[in-house]
Amino acid sequence: MSQETEELWSRRFFLKSSLAGMLILGSRLMFPESAAAHSLPAGRLRLYNAHTDERLQVTYRNQSGRYDREALKDINYLLRCHHSKKVCQMDIQLLEYVNQVEKLVGQGQEIQIYSAYRSPSYNKLLIRLGRGAAPNSLHTVGQAVDFAIPGVRLSKIRRAAVKLRLGGVGYYGRRGFVHIDTGPVRYW
């Protein structure tokens, strides 16, 4: 085989492989049937919604990486907008982000949720009231959560989230929570 043919074949192989990889990744994000179980901590969360006083202990992903749709529905319901009662499908990557932070610093502790999904109307109300909500908040599309873990310093939670580099991290020490989202990696 000539060098020119080898280079052409290598380029074609690279392009085909890249396309296949993007398709697999894209389909997993849009239709999360399973995750690479060996690369993620156990898919279990203990959640407490501070606004509704509801608790949920749930296994949302099994050891082989398959997501439990009923468990995800339960999580979506718990993380609903407490003002409008509307439910949103939360981003799977956000749940995995929360789970990884908790496994790094919380060691099975209950996660106190202060804000997860916010209906657009509730978000607009918060803006009008000067409560610091952003007009294009990722909370309104199920891609953000504000939380704390009892007994774990907020600074430690923030450091763990920043170390993971999976999205945005906001530190709200006076308000008593850390914000994480699955938007671009950024810190404030």
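One can find the structure itself at the top, above this paragraph.
Model, not experiment: these values are computed from the prediction.

A. Geometry of the environment of Leu 126. With respect to the helices, strands and loops of the structure, Leu 126 is situated in helix H4 (residues 120-128). Its relative accessible area of 9% is what places Leu 126 among the buried residues. Those residues within four positions of Leu 126 in sequence are excluded, and the remaining contacts are Arg 118, Arg 131, Gly 132 and Ala 133.

B. The arrangement of the pattern of salt bridges in detail. For the structure on display, the rule yields seven salt bridges. For the salt bridge of Glu 110 with Arg 55, the shortest nitrogen-to-oxygen distance reads 2.8 Å. Of this pair, Glu 110 sits in the loop between helix H3 (92-105) and strand E3 (111-115) while Arg 55 is found in strand E2 (residues 54-61), placing the two residues 55 residues apart along the sequence. For Lys 73, the salt bridge identified is with Glu 70, shortest N-O distance 3.5 Å. Within this pair, Lys 73 and its partner Glu 70 are both found in helix H2 (residues 69-78), separated by three residues, close to a single helical turn.

The rules behind these values
Residues numbered from 1 in each chain as written. Predicted model: local features only at pLDDT ≥ 70, side-chain atom pairs only at ≥ 80, totals over all residues. Heavy atoms only, no water. Helix = DSSP H or I, 4+ residues; strand = E, 2+ residues; numbered from the N terminus. Buried < 20%, exposed > 50% of the residue type's maximum accessible area, 1.4 Å probe, protein only. Contact = heavy atoms within 4.5 Å. Salt bridge = Lys/Arg side-chain N within 4 Å of Asp/Glu carboxyl O.

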